[in-house]
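Below are the chains, spelled out letter by letter.
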Amino acid sequence: MRKLNSKFFLAGLIAFGFASCDEENPLGGAGEVESKVGELYILAEGTGSRIFNTVDLAMRDNDFITNDTTTIDGAMVTRAGAVVKIDYGNGASGSDGVLREGEINLLMSGGGDYMVSGTSVAGTFLNYKEAGKPVTGSFNVANQGNDVFALTLTSLSVTDTEDNTFSLSASKTLTWVDGFSTIGDVSDDSYTLSGTSTGVADTITVTATINTPLSYKSSCQYRLEEGIINIDMAGTGVTYTSGSIDFISDDACNNLYTIELNSTDGGFVTSTLTFSGF
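The structure reproduced in this document is the subject of the present report. Computed from a prediction, not measured in an experiment: that's the story for all the values here.

Turning to the overall build of the chain, a few remarks are in order. Scanning the chain from N- to C-terminus turns up three helices and 17 strands. Here the chain holds 278 residues, and the buried ones make up 46% of them. Sequence separation of 24 or more characterises 45% of the internal contacts of the chain that already satisfy a separation of 6 or more. For the chain, the exposed area adds up to about 12200 Å²; of that, 50% sits on carbon and sulfur atoms.

Printed below as a string of structure tokens:
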């Protein structure tokens, strides 16, 4: 990977899809590397979240359950025995406007019914891209019973528009609150997500812990209702070594969150920002 492109903190947030109310750069040069790494971290987390959502929608689709085939967000989904293919072909735009191409290949084990405890779905990618950029690595979704799933990401690698890459590994627990058993109906889907993740961008490492479970509701326009993620960074050029992202719980499903970054000398900065979806 080439050296990370640095940019001012505010510019990095805008490229990330967030907008700050303060036009002044709150961190200056010391925050340039941290903002870029933060951007890459969220890109990877968002990619993993979207991929899980696609797999889950396919597995709980009536046509897929009955006929081993369906269409999910522009992709053709087919099953042959334990092998499931989610095929975007040469490109299909989803409901989020993102162009995807290539394949997500799944292998089911422990049974063929995603809804049953003990069933696992292991996923890999074949020439898979989002917005023209490659996604590689692997993942696993395991039904642990009682509407709880274990989600694992292994070296999920994403690339941004400037060709910087980020590799993310994660171990998370997804607990359904509502909607899991309503096959073919996503309108009532609600679940929480907890766990940890680690990532690498160039010489910078990121460790993240979901401190307060992330709460997802399909009825919310931006899906993510509330939750807090604690983040630590280490590596060349890092001054702001820790921070937190708080998806505000009392904003009535609006896309607001507060980010606080802390420096090694005791300084910190706090901003309230907006996001376009998680």
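So, about empty space enclosed by the protein. Inspection of the entire model under this criterion finds two cavities of 30 Å³ or more. The space that makes up the largest cavity amounts to roughly 280 Å³. If you go around the largest cavity, you meet 27 residues; those closest to its centre are Gly48, Ser49, Leu151, Lys172 and Leu193. Per element, the largest residue contribution to the lining of the largest cavity is six residues, and it comes from helix α2 (residues 32-59). Residues belonging to the lining of the largest cavity are distributed by class as follows: 17 nonpolar, eight polar and two charged.

For the rest of this paragraph, the subject is the pattern of salt bridges. In the structure shown here, the tally under the stated rule is 12 salt bridges. Between Glu103 and Lys85 there is a salt bridge, with its nearest N and O atoms 3.8 Å apart. Here Glu103 is found in strand β6 (residues 99-109), whereas its partner Lys85 is found in strand β4 (residues 83-87), with 18 residues between them in sequence. The exposure class assigned to Lys85 is partly exposed, which follows from its relative accessible area of 33%. If you follow the salt bridges from partner to partner, you end up with Arg50, Asp96, Arg100 and Glu130 in one network.

Moving on: the side chain of Asp56. With respect to the helices, strands and loops of the structure, Asp56 is situated in helix α2. Polar side-chain contacts of Asp56 include one of 2.7 Å to the side chain of Tyr114. Those residues within four positions of Asp56 in sequence are excluded, and the remaining contacts are Tyr114 and Trp176.

The next point concerns the state of the cysteines. One pass over the structure, following the stated rule, counts one disulfide. Bridging Cys220 to Cys253, the disulfide has an S-S length of 2.1 Å. Pair noted here: Cys220 is in the loop between β13 (204-217) and β14 (224-234) and Cys253 is in the loop between β15 (240-247) and β16 (256-263), with a separation of 33 residues, a long-range link. Residue classification places Cys253 among the partly exposed residues on the basis of a relative accessible area of 23%.

Next up on the list: the environment of Ile86. By secondary structure assignment, the location of Ile86 is in strand β4. On the accessibility criterion, Ile86 (0% relative accessible area) is buried. In this structure, Ile86 is in contact with Thr54, Val55, Ala75, Met76, Val77, Gly102, Glu103, Ile104 and Leu106, ignoring residues within four places of it in sequence.

Looking now at the layout of surface pockets. Considered as a void within the structure, the second largest pocket measures approximately 230 Å³ in volume. Considering the residues around the second largest pocket, the lining is formed by 14 residues, among which Asn53, Val186, Asp189, Ser218 and Arg223 are closest to the centre. Mapped onto the lining of the second largest pocket, the elements with two or more residues apiece are α2 and β13. Here the lining of the second largest pocket takes four residues from α2, the largest share from any one element. Classifying every residue of the lining of the second largest pocket gives six nonpolar, three polar and five charged.

Quick notes on the rules
- Residues numbered from 1 in each chain as written.
- Predicted model: local features only at pLDDT ≥ 70, side-chain atom pairs only at ≥ 80, totals over all residues.
- Heavy atoms only, no water.
- Helix = DSSP H or I, 4+ residues; strand = E, 2+ residues; numbered from the N terminus.
- Buried < 20%, exposed > 50% of the residue type's maximum accessible area, 1.4 Å probe, protein only.
- Contact = heavy atoms within 4.5 Å.
- Areas by Shrake-Rupley, 256 points an atom, 1.4 Å probe, with all protein chains shown as cover.
- 1 Å grid on protein atoms, 1.4 Å probe; cavity = no way out; pocket = protein on both sides within 12 Å on 5 of 7 lines; lining within 4 Å.
- Points joined across faces, edges and corners; volume = space filled by probe spheres on them.
- Nonpolar A, V, L, I, M, F, W, Y, C, P; charged D, E, K, R; others polar.
- Salt bridge = Lys/Arg side-chain N within 4 Å of Asp/Glu carboxyl O.
- Polar contact = N/O pair within 3.5 Å; in protein donor to acceptor, adjacent residues only side chain to side chain.
- Disulfide = S-S within 2.5 Å.

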